[in-house]
Amino acid sequence: MATLTFLGATGGVTGSMYLLEVGQSKILLECGLVQGRYEEEQQNKEPFPFDPKSIDAVVLSHGHLDHSGRLPKLVNDGYRGPIYMTYPTCELLEIMLKDSAFLNMRDAEWENKRRRRAGKEEIEPLYTIEDAERTLQQCNGQPYAASTEILAGVQLRYLDAGHILGSAIVELTINEEGKARKLVFSGDLGNSCAAILRDPVQLEKADVLLMESTYGDRNHRPMEET
């Protein structure tokens, strides 16, 4: 029986990460940065709550860092498998991860200057540009609407989420003991302020629906002009 474990974006709205176990296979859905106050962001340096080498596939919904920003750390900690995403997300991720790595290296350099003056031990950045480049080599672009077998008995299909370029609703069809069950992960949906994006594709029937709700019960409207 497949099991789903919530590992991120539970006590806050960033750091999306879910572990799907199907038989002996493990799929990591999202690998996002925790963003916010300094104390919160220190969680990014903690070890993953699983062995990265035990993961068989990573599936990404889109390129925002709160969904993708810990991928270089995952690779640096031993993950060597494919990272699935749409083709546009592959291109966007090259910019996002290298920029994130640059900022991590810059912040570590500034912090180490302060630490050297105080006689304290220096720190390492969360990851480097070289880590980001290694991560990009493992990215596996997919078209919208096509079904791809990513593991034995597991089919992946991406549907347009209309959030940013390349964003997708993730549809995973799992075949176990001759029975197919469909898990749908919404990712982030829609962006009414972006004219070039299509509306999200309507969700089809799912056996399990994993829906992200960044804003909870609050209305999220553009600021009124004054």
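See the structure above.
What this report covers is the structure whose coordinates are included nearby. Because the structure is predicted, anything quoted here is derived from the model rather than measured. (Residues numbered from 1 in each chain as written. Predicted model: local features only at pLDDT ≥ 70, side-chain atom pairs only at ≥ 80, totals over all residues. Heavy atoms only, no water.)

## Some thoughts on a nonpolar patch on the surface
Argument step 1. Together, Leu189, Leu203, Leu209 and Met211 give the surface a local cluster of nonpolar side chains, amounting to about 330 Å² of exposed area.
Argument step 2. Residue position: Leu203 is located in the loop between strand S10 (179-185) and strand S11 (208-210).
Argument step 3. Exposure remark for Leu203: the relative accessible area of 34% places this residue in the partly exposed category. (Patch = residues over 30% accessible without salt bridge, like charges linked within 9 Å, V, L, I, M, F, W, Y side chains within 5 Å. Areas by Shrake-Rupley, 256 points an atom, 1.4 Å probe, with all protein chains shown as cover. Salt bridge = Lys/Arg side-chain N within 4 Å of Asp/Glu carboxyl O. Helix = DSSP H or I, 4+ residues; strand = E, 2+ residues; numbered from the N terminus. Buried < 20%, exposed > 50% of the residue type's maximum accessible area, 1.4 Å probe, protein only.)

## Quick notes on the nonpolar core
Argument step 1. Within the largest apolar cluster, 46 residues are counted, with the highest numbers of intra-cluster contacts made by Leu28, Val59, Leu74 and Ile150.
Argument step 2. For Leu74, the residues in contact, after removing those within four places along its chain, are Leu28, Cys31, Phe48, Phe50, Pro52, Val58 and Tyr79. (Core = buried A, V, L, I, M, F, W, Y, C linked by side-chain atoms within 4.5 Å. Contact = heavy atoms within 4.5 Å.)

## Examining the pairing of strand S8 (residues 154-160)
Argument step 1. The element S8 is largely enclosed, with a buried count of 6 among its 7 residues.
Argument step 2. Once strand S7 (residues 147-151) ends, the chain turns through 2 residues before running back antiparallel as S8, passing Gly153 with a positive phi of about 85°.
Argument step 3. Taken together, the 7 bridges between S8 and strand S9 (residues 168-176) define a ladder with antiparallel strand orientation. What sits directly across from Leu156, in S9, is Leu172. (Pairing = 2+ DSSP bridges.)

## Brief notes about the packing of aromatic side chains
Argument step 1. Within this structure, the stated rule accounts for 3 aromatic pairs.
Argument step 2. Between Phe6 and Tyr18, the aromatic rings sit 5.5 Å apart at their centres with planes inclined by 85°, giving edge-to-face as the arrangement. Taken together, the residues span a long stretch of sequence, with Phe6 in strand S1 (residues 3-6) and Tyr18 in strand S2 (residues 18-22) at a distance of 12 residues.
Argument step 3. One aromatic cluster is present, formed by Phe6, Tyr18 and Phe185 through successive ring pairs. (Phe/Tyr/Trp six-rings, centres within 6.5 Å; stacked < 30°, edge-to-face > 60°.)

## Description of the sheet that holds S1
Sheet strands associate in pairs through backbone hydrogen bonding, adopting either a parallel or an antiparallel arrangement.
Argument step 1. Read across the open sheet, the 6 strands follow the order S1-S2-S3-S4-S5-S6; overall the sheet is mixed. Looking along the sheet, the strands with just one partner apiece sit at the ends: S1 and strand S6 (139-142). The mean inter-strand angle of the sheet, taken between neighbouring strand axes irrespective of direction, is 25°.
Argument step 2. Each of strand S5 (83-86) and S6 touches helix H4 (residues 87-118); the most contacted strand, S5, lies at about 110° to it. (Axes fitted to C-alpha atoms, helices over the stretch in contact; angles between N-to-C directions.)

## As for the environment of Tyr158
Argument step 1. For Tyr158, the position within the fold is in strand S8.
Argument step 2. Judged by relative accessible area, Tyr158 falls into the buried class, the value being 1%.
Argument step 3. Separated by 14 residues in sequence, Tyr158 and Tyr144 have C-alpha atoms that sit 5.0 Å apart.
Argument step 4. A distance of 3.0 Å separates a polar atom in the side chain of Tyr158 from the backbone oxygen of Tyr84. (Polar contact = N/O pair within 3.5 Å; in protein donor to acceptor, adjacent residues only side chain to side chain.)

## Quick notes on H4
Argument step 1. Taking 1.5 Å of rise per residue, 32 residues should cover 46 Å, and H4 covers 47 Å from first to last C-alpha, within 8% of that figure.
Argument step 2. Of all the bends in H4, the largest measures some 30° and sits at Leu93.
Argument step 3. For H4, every residue scored as buried is listed here: Thr89, Cys90, Leu93, Leu97, Ser100, Ala101, Asn104, Ala108, Glu111, Asn112 and Arg115.
Argument step 4. Close packing links the buried residues of H4 with helix H2 (65-68), helix H3 (71-76), S5, helix H5 (129-136) and S6.
Argument step 5. Looking one or two places after H4, you find Gly119, whose phi comes out positive at around 70°. (Expected span 1.5 Å × (residues − 1). Bend = angle between axes of the 7 residues up to and from the residue.)

## Quick notes on the environment of Tyr144
Argument step 1. Position of Tyr144 relative to the elements: it lies in the loop between S6 and S7.
Argument step 2. The class of Tyr144 is partly exposed, set by a relative accessible area of 28%.
Argument step 3. Expressed as a C-alpha distance, the spacing of Tyr144 and Arg157, which sit 13 residues apart in the sequence, is 7.1 Å.
Argument step 4. Apart from residues no more than four positions distant in its own chain, Tyr144 is found in contact with Thr86, Tyr158, Leu159, Asp160, Gly166, Ser167 and Ala168.
Argument step 5. Among the polar contacts listed, one links the side chain of Tyr144 to the backbone oxygen of Ser167, at a separation of 2.7 Å.

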